[in-house]
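Structural description and commentary
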Amino acid sequence: MKVLKAKNVNKYFKTKVKKSGLKESFKSLFNPQYIDVKAVNDINLEVEKGEIMAFMGPNGAGKSTTIKMMTGILFPTSGEIEVLGLIPWKKRKELSYKIGSVFGQKSQMWFHLPPEDTFDLMADIYEIDRYDYKKRVKELVDRFDIGNLLTIPVRKLSLGQRIRCEIAVSLLHKPEIIFLDEPTIGLDVVVKNQIRELIKDLNKKEQLTVFLTSHDVGDVEKLCNRVIIIDHGKILLESTVSKLKREYLKNKILSLKLEEEYIPKLKGVEILKHKGTGIKLDLNTEECSMKDLLDNIVKNTAIVDMHVSETPMEEIIQNIYTGSGKNEKGEKIL
Amino acid sequence: MKKVKKYFKIFKINFSNELMYVINYVSTFLFFGVVLIVFSQLWRAIYSENPVIEGFTYEKMIWYFMYAETVMLSRFPFVREIADEIKSGDIAYRLNKPYSYILYYYSKFISSSILKLFLNTLVGITILTIAFKGYPMPLIGLILGFTSAIIGLSIHFVFHFFIALSAMWFEDNTAFLFVYSKILLTIGGLFIPIEMFPETVKIIANALPFKHIIYTPATIYINGAENFLKLFSAQIFTLLILSVVVAFAFEKSKKRFNVNGG
């Protein structure tokens, strides 16, 4: 079942422009010039119930604008959006009972008061029955392990503790979809993994649909089924995470320690570093198989030590942003 | 009922929040004390030749000024907060909750303002009772004035919300804030009751809604039940009309949200 649909969605903002200089400033005073900035440009997407979807893109790509249209805060210039069967900007309040949101850089908790007070406030804001509220809080407190944090003022919590509380608060009313905007921003590796595990767990147990924006490729790799990459308001790529890895992880990095100095000269093998008997290669497995490369090396010398690694996901995403991503046929797709 | 309860909860939680830092009000109390002493001396000089001016005795005038200043100092500032939210786009994060944005801020505003009003009234009465031993404190006026002050502050909220909304059109709305606060100081009746204004200014001041913010509560405070119903119903009527206008303006301006980024 599709819980989120966007069809030919556009959002333009009118922005004032002015050339530099005092004269231009005066000119602009009497004759202001405006341009239309295309924040979102003909976006089409669909999200299935229970899916964890990543929405990635560099700063200013249009991610937050899209989320704001999906939550009914912004009106699209044109196009159609349907979230849980509702048109967000027409039924914003009705929709807000069914969705949750966490914005990594913003807090919905009261800074000087303990999280318990925010839980209590949200229970009334979402009109949750007292009995259901108590049961739900207990469930969330156990799952997020925040029992000992409930009575400490929010300002005294670490970022990791705060984010755990933020996510728990946003789940209080049992939303069907949760929008997570950079939920792991600024967190250390251990807390990041903890948050990811919690999101995964919730997705499984509550069939919660997760719409996540992040700059952190780890979030996408470890959490998501599907990824959409957006830049300049346009969707650059839509793929499952496994397909993305398969298609873009054609290159392997090999670090070798050889018995004697040797440089293999094969098509699809690029020498990254070479010093004495140590050598680092970038192997394109489409042009040269691992077997052919290793056969070539062992014919000439023995391998003392070897380490193989894949192109980091971060680099793949960066290549897509910068326009060097290629499709299966080796053609540029951007 | 649940719809009302959520705003009452915002009121309560904000009240708790304010109580955490009630010590911060000390500077306001000191300022209030100094202002009361300075103005009581000023009015003493003015009243040295005339015991009654436009129906106001010196004592009545001092109590009027005390309460007008109490209301003035009890306003919880929020314009900058909303204007910043509009300019930065953070307003988006408030709008995705099932409550009215205006009532959310109103609940916060009125809870902080009531706390301030209560404390400032206490401080003002204490100072004046010590300074004018034996002068009977208007007790009925205290209850009715407090009620009227809440409505006055609510009208002030509506005006400030308008000014905050102007951030949708103007990058800098401090000029509006400046003009508005000067209106309150002058024709709003803070320093001088409207009765003492020259005839033309009196007509203008009486025709404008600003008098209901400070002048009406301070007048009810000193006069008690006298004319209470007339003044109070005029206040309520003003609040209703302005609330409808601000709600309409807010709905219309929503389309102007220009929240870039991300």
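See above for the structure.
Notes on the structure follow. Quick caveat, the model's predicted, so the values are computed rather than measured.

Within chain B one finds 11 helices and two strands. Reading chain B from its N end, one meets helices and strands in the order α-α-β-β-α-α-α-α-α-α-α-α-α. Taken over C-alpha atoms, the radius of gyration comes to 20 Å for chain B, in line with the 18 Å a tight globule of 262 residues would show. Expressed along its principal axes, the backbone C-alpha trace of chain B runs to roughly 70 × 45 × 35 Å. The burial tally for chain B puts 52% of its 262 residues in the buried class. Pairs at least 24 residues apart make up 78% of the contacts formed inside chain B by residues separated by at least 6 positions. As displayed, chain B offers around 12300 Å² of accessible surface, 70% of which is attributable to carbon and sulfur atoms.

Bringing empty space enclosed by the protein into the picture now. All names here are of chain A. Applying the stated criterion across every chain yields a total of one cavity of 30 Å³ or more. Of the pockets and cavities examined, the largest cavity occupies roughly 30 Å³. Residue assignment for the lining of the largest cavity shows that the elements contributing at least two residues are β5 (99–103) and α6 (159–170). By residue class, the composition of the lining of the largest cavity is three nonpolar, five polar and one charged.

All names here are of chain A. Here we have three strands laid out as an open sheet, ordered β2-β1-β4, and antiparallel in their pairing. Taken across any chain shown, the strands that pair with only one partner, and hence form the sheet edges, are β2 (33–48) and β4 (78–83). Adjacent strand axes in the sheet meet at a mean angle of 25°, parallel and antiparallel pairs treated alike. Bridging between strand β1 (residues 2–17) and β4 involves five bridges; their strand directions are antiparallel. Bridged to asparagine 10 within β4 is serine 78.

Bringing the interface of chain B and chain A into the picture now. Tallying the contact residues gives 31 residues for chain B and 37 residues for chain A. Taken over both partners, the interface formed by chain B and chain A buries close to 3300 Å², and the fraction arising from carbon and sulfur atoms is 59%. Inspection of the region where chain B meets chain A yields five salt bridges. For lysine 3 of chain B, the salt bridge is made with glutamate 127 of chain A, and the minimal N-O distance between the two is 3.2 Å. The interface formed by chain B and chain A contains 10 residue pairs in polar contact (both at pLDDT 80 or more). Among the elements of the structure, α1 (2–19), α5 (91–95) and α6 (101–131) of chain B are those that each provide at least two residues to the side of chain B that touches chain A. With 10 residues, the top contributor of residues to the side of chain B that touches chain A is α1 of chain B. For the side of chain B that touches chain A, the per-class residue count stands at 12 nonpolar, nine polar and 10 charged.

All names here are of chain B. Helix α10 (residues 215–223) packs onto helix α3 (residues 58–73) with a crossing angle of 140° between their chain directions and a minimal axis gap of 8 Å. Here α3 is positioned oblique relative to α10, judged by the angle of their axes. Note on packing geometry: the crossing formed by α3 with α10 is right-handed. Counted together, Lys60, Trp63, Tyr64, Met66, Tyr67, Ala68 and Val71 of α3 and Tyr215, Pro217, Ala218, Thr219, Tyr221, Ile222 and Asn223 of α10 form the full contact between these two elements. Residues that form the contact of α3 with α10 fall into these classes: 11 nonpolar, two polar and one charged.

About the criteria used
- The written sequence of each chain sets the order in which its residues are numbered from 1.
- As they are written, the chains are lettered A onward and the ligands numbered 1 onward, keeping that order.
- Only residues with pLDDT of at least 70 get local features here, since the model is predicted, and only at 80 or more are side-chain atom pairs given and counted; chain-wide, interface and lining totals rely on the full set of residues.
- Remark: hydrogens and water are excluded; side-chain values derive from all non-hydrogen atoms of the structure.
- The secondary structure listing takes helices from DSSP runs of H or I that are at least 4 residues long and strands from runs of E that are at least 2 residues long, numbered from the N terminus.
- Restricting the calculation to C-alpha atoms gives the radius of gyration, and the globule rule supplies 2.2 Å times the number of residues raised to the power 0.38.
- Relative accessibility decides the category of a residue: with a 1.4 Å probe and only protein chains considered, values under 20% of the type maximum give buried, values over 50% give exposed, and everything between is partly exposed.
- Throughout, a contact is declared for two residues whenever any of their heavy atoms are within 4.5 Å.
- Reported accessibility uses the Shrake-Rupley method at a 1.4 Å probe radius. Residues are deemed covered only where the shown protein chains occlude them.
- Using a grid of 1 Å spacing that covers the protein atoms alone, one calls a set of points a cavity when a 1.4 Å probe fits there but cannot get out, and a pocket when the set is open and has protein on both sides within 12 Å along at least five of seven lines; lining residues are those with an atom within 4 Å of a point.
- Grid points are joined across faces, edges and corners, and a volume is the space filled by probe spheres set on the points.
- The nonpolar class holds Ala, Val, Leu, Ile, Met, Phe, Trp, Tyr, Cys and Pro. Asp, Glu, Lys and Arg form the charged class, and all remaining residues, Gly among them, are polar.
- Only strands that DSSP links by at least two bridges are regarded as paired with each other.
- To get an axis, a line is fitted to the C-alpha atoms, and for a helix only the part in contact is used. The angle between two axes follows their N-to-C directions and goes from 0 to 180 degrees.
- Here the buried area means the combined drop in accessible surface, using a 1.4 Å probe, for two parts upon being joined, counting both sides.
- Salt bridges, as used here, are contacts in which a Lys or Arg side-chain nitrogen is within 4 Å of a carboxyl oxygen on Asp or Glu.
- Residues adjacent in sequence count toward polar contacts only when both atoms are side-chain atoms; beyond that, a polar contact is any pair of N or O atoms within 3.5 Å, and within protein one must be able to donate a hydrogen and the other to accept it.
- Roughly parallel means an angle under 35 degrees; roughly antiparallel means over 145; roughly perpendicular covers 65 to 115; every other angle is labelled oblique.
- Note on convention: near helix rotated counterclockwise from far helix by under a right angle means a left-handed crossing. Clockwise means right-handed.

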